[in-house]
Amino acid sequence: MVKDALEALKLPPLLKFKNGKTVKDIAGFERRRAELKDILQREVYGYLPKAPEHLSVETKEEESESFLAGFGIYRSLVFHCEIDGEDATFPVTQIMPKKEGKIPVFVCINFGTDIVHKYLPLEEIIHRGYGLFVIKYQDVAKDSADFRFGMAKYLCKSRRALSAPGKIAMWAWAAMRVMDYLPRFENVDLDHVAVIGHSRLGKTALFTGAMDERFRYVISNDSGCSGAALSRGKEGETIENICDRFPYWFCPRYKHYIGKEHEMPFDQHFLLSLIAPRHLMVGSAENDLWADPRNEFLCTAAANEAYALYGMQGLVHHDAFPSPDTELAEGDCLYHYRRGGHYLSRLDWNAYMDFIDKKREKE
Ligand code: GCU
């Protein structure tokens, strides 16, 4: 069923080099990886801005006595990035459980950093032994077509180039700066760092993890169009819809594909396959038809070709579409399909933490 559905979509081949030769092994896929990264940057998200010349982090505020009834440590950090000799900054909130040993952490690109944010069941995450670095996305760059403020002014000098970075690339760039800095924290478990985001920030988490192999877990919650969902045969939001309302999320060239999904030399399985051989987690919600759970599932399954090259299973799906309230968690990737609508809930976080716990136990 899944195989037939994927064949019917006639996706551009993942495992064929630009020169038409077939990718046969891991070394081949590592070369193909460079082509995949290039095509996605050139056609969809824009080229990632380069890393800053220098990075330093300032602690503005720390609360380590009674935060979360004494179970957690809170720090408000400011990231200073030297770009072309200028000091460009954005804030990050760090929250760690108070415990011995190495701590797995989430880099969470969120809509807000508030401790009581509706998408962040903070106490649950801390009690389960995970740390958090939260970026409030609009503190990096405004969610608008304006490129004059915040980090945008340093990261994109002109939007005239067809492959100039859009806002998703900028939010992803900020998550990578957090990753740059993590080795400075002695208690962070660098082998177990996850990047997570919901919806537009799920697209951002995927792009982050696809471009930056230091993230071991990449979590997309309800990311839909131009995220975890295949564009070919997509229900709900299309490239036309997304480019109409949010053209600035992408590079200027992306809009050329409006109505031409079937001609695109790529599809979103290129993005998901770049997560291999690490762990990809895709969450969909039954009523989130705008995102299109079916195409999110199919896209996750399509990335299996890359995992197979590493001798891995990728997503174990038994050739069938899952029913709601199902976890496909047997393989290297997770597909988490719940009832309800478009949000990131405690239930979703727990599914993602369960999966990471399982992988960590095996090591
Ligand atoms: C809109 C947009 C989606 C996006 C979502 C969100 O619905 O069309 O592509 O994922 O906003 O970020 O909440």
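See above for the structure.
These remarks concern the structure in this document. (Residues numbered from 1 in each chain as written. Predicted model: local features only at pLDDT ≥ 70, side-chain atom pairs only at ≥ 80, totals over all residues. Heavy atoms only, no water.)

1. Structural notes on the site of the ligand
The line we're drawing: Nearness of a residue to a molecule or strand requires only that one of the residue's heavy atoms be within 4 Å of it. Think of a polar contact as two N or O atoms within 3.5 Å of one another; within protein, one of them needs to be a possible hydrogen donor and the other a possible acceptor, and neighboring residues in sequence only count if both atoms come from side chains. Per-residue and other accessible areas were derived by the Shrake-Rupley procedure at a 1.4 Å probe size, with only the shown protein chains allowed to occlude residues. A pocket, in this scheme, is an open set of points on a 1 Å grid over the protein atoms alone with protein on both sides within 12 Å along at least 5 of 7 lines, while a cavity is a set where a 1.4 Å probe fits but cannot get out; residues line either one if an atom lies within 4 Å of a point. Criterion for pocket placement: a molecule counts as inside a cavity or pocket if more than half of its atoms are within 2 Å of its grid points. The residue classification treats Ala, Val, Leu, Ile, Met, Phe, Trp, Tyr, Cys and Pro as nonpolar and Asp, Glu, Lys and Arg as charged. All others, Gly included, are polar.
Around the ligand, the neighbouring residues are S199, R200, K203, E237, I242, F246, W249, W290 and H342. Between an oxygen atom of the ligand and a side-chain N or O atom of K203, the distance comes to 2.8 Å. Within the side chain of H342, one N or O atom sits 3.5 Å away from an oxygen atom of the ligand. Protein coverage of the free-state accessible area of the ligand, which is 320 Å², stands at 86%. According to the grid-proximity analysis, the pocket containing the ligand is the second largest pocket. Residue classes in the shell around the ligand are distributed as 4 nonpolar, 2 polar and 3 charged.

2. Digging into the packing of helix α2 (residues 26–45) against helix α7 (residues 200–211)
Note the threshold: A fitted line through C-alpha atoms serves as each axis, taken over the contacting stretch for helices, and the angle formed by two N-to-C directions is quoted from 0 to 180°. A run of H or I in DSSP counts as a helix once it spans at least four residues, and a run of E counts as a strand once it spans at least two, with each numbered from the N terminus. An angle below 35 degrees is read as roughly parallel, one above 145 as roughly antiparallel, one from 65 to 115 as roughly perpendicular, and any other as oblique. We call a crossing left-handed when the near helix sits turned anticlockwise from the far one by less than a right angle, and right-handed when that turn is clockwise. Two residues form a contact once any of their heavy atoms are found within 4.5 Å.
As a packed pair, α2 and α7 sit with axes 11 Å apart at the nearest point and diverge in direction by 150 degrees. One element, α2, and the other, α7, form an angle in the roughly antiparallel class. The hand of the α2/α7 crossing is left-handed. Here K37, Q41 and Y45 of α2 lie close against α7, whose contacting residues are F207, A210 and M211. When its residues are assigned to classes, the contact of α2 with α7 shows 4 nonpolar, 1 polar and 1 charged.

3. Examining the nonpolar core
Note the following rule: Residues grouped as a nonpolar core are buried Ala, Val, Leu, Ile, Met, Phe, Trp, Tyr and Cys residues, joined through side-chain atoms within 4.5 Å. Note on classification: 1.4 Å probe, protein chains only; a residue is buried when its accessible area is under 20% of the maximum for its type, exposed when over 50%, partly exposed between these limits.
Residues F133 and L182 are the most contacted members of the largest nonpolar core, which totals 103 residues. With 12 residues, helix α6 (residues 167–181) is the single largest residue contributor to this core. Membership of the second largest hydrophobic core comes to 27 residues, among which are F106, L120, V134 and Y352.

4. Topic: the pairing of strand β4 (residues 103–110)
This is how the line gets drawn: The rule for pairing is simple: two strands pair if DSSP sees at least two bridges between them. Looking down the strands as they point away from the viewer, one classifies a crossover as right-handed if the path from the first strand across the helix to the second runs clockwise.
Most of β4 sits out of view: 8 of its 8 residues are buried. Covered by surrounding structure in β4 are I103, V105, V107 and I109 together with P104, F106, C108 and N110, the residues of both alternating faces. Pairing analysis gives 6 bridges linking β4 to strand β6 (residues 188–198), with the strands arranged parallel. Residue pairing for β6: I109 is matched across the bridge by G197. With helix α3 (residues 122–127) bridging β4 and the parallel strand β5 (residues 131–136), this β-α-β connection has right-handed handedness.

5. Topic: the side chain of K37
By the secondary structure assignment, K37 is in helix α2. At 3.4 Å, the side chain of K37 and the backbone oxygen of M211 are in polar contact. For K37, the residues in contact, after removing those within four places along its chain, are A210, M211, E213 and L274.

6. Quick word on the pattern of salt bridges
What counts is decided by this rule: Salt bridges are defined as contacts in which a side-chain nitrogen from Lys or Arg sits within 4 Å of a carboxyl oxygen from Asp or Glu.
One pass over the full model with this rule turns up 26 salt bridges. A salt bridge links E43 to R42; the nearest nitrogen and oxygen atoms lie 2.8 Å apart. Overall, the relative accessible area of 6% leaves E43 in the buried class. When its relative accessible area of 26% is taken as the criterion, R42 is described as partly exposed. The partner of D84 in a salt bridge is K157, with the nearest N and O atoms 4.0 Å apart. One end of the pair, D84, is in the loop between β2 (72–83) and β3 (86–97); the other, K157, is in the loop between α5 (152–155) and α6, and 73 residues separate them in sequence. For D84, a relative accessible area of 49% puts it in the partly exposed group. Taking the relative accessible area as the measure of exposure, K157 reaches 61% and is therefore exposed. Sharing partners across several salt bridges, the network here consists of D38, R42, E43 and R253.

7. A word on the sheet that holds β3
Strand order in this open sheet of 10 strands is β1-β2-β3-β5-β4-β6-β7-β8-β10-β9, and the pairing throughout is mixed. The open sheet terminates on both sides in strands that have one partner only, identified here as β1 (54–63) and β9 (326–328). Strand-to-strand twist of the sheet, defined as the mean angle between neighbouring strand axes without regard to direction, takes the value 20 degrees. Of the strand pairs in this sheet, β2 and β3 are connected by 12 bridges, and their pairing is antiparallel.

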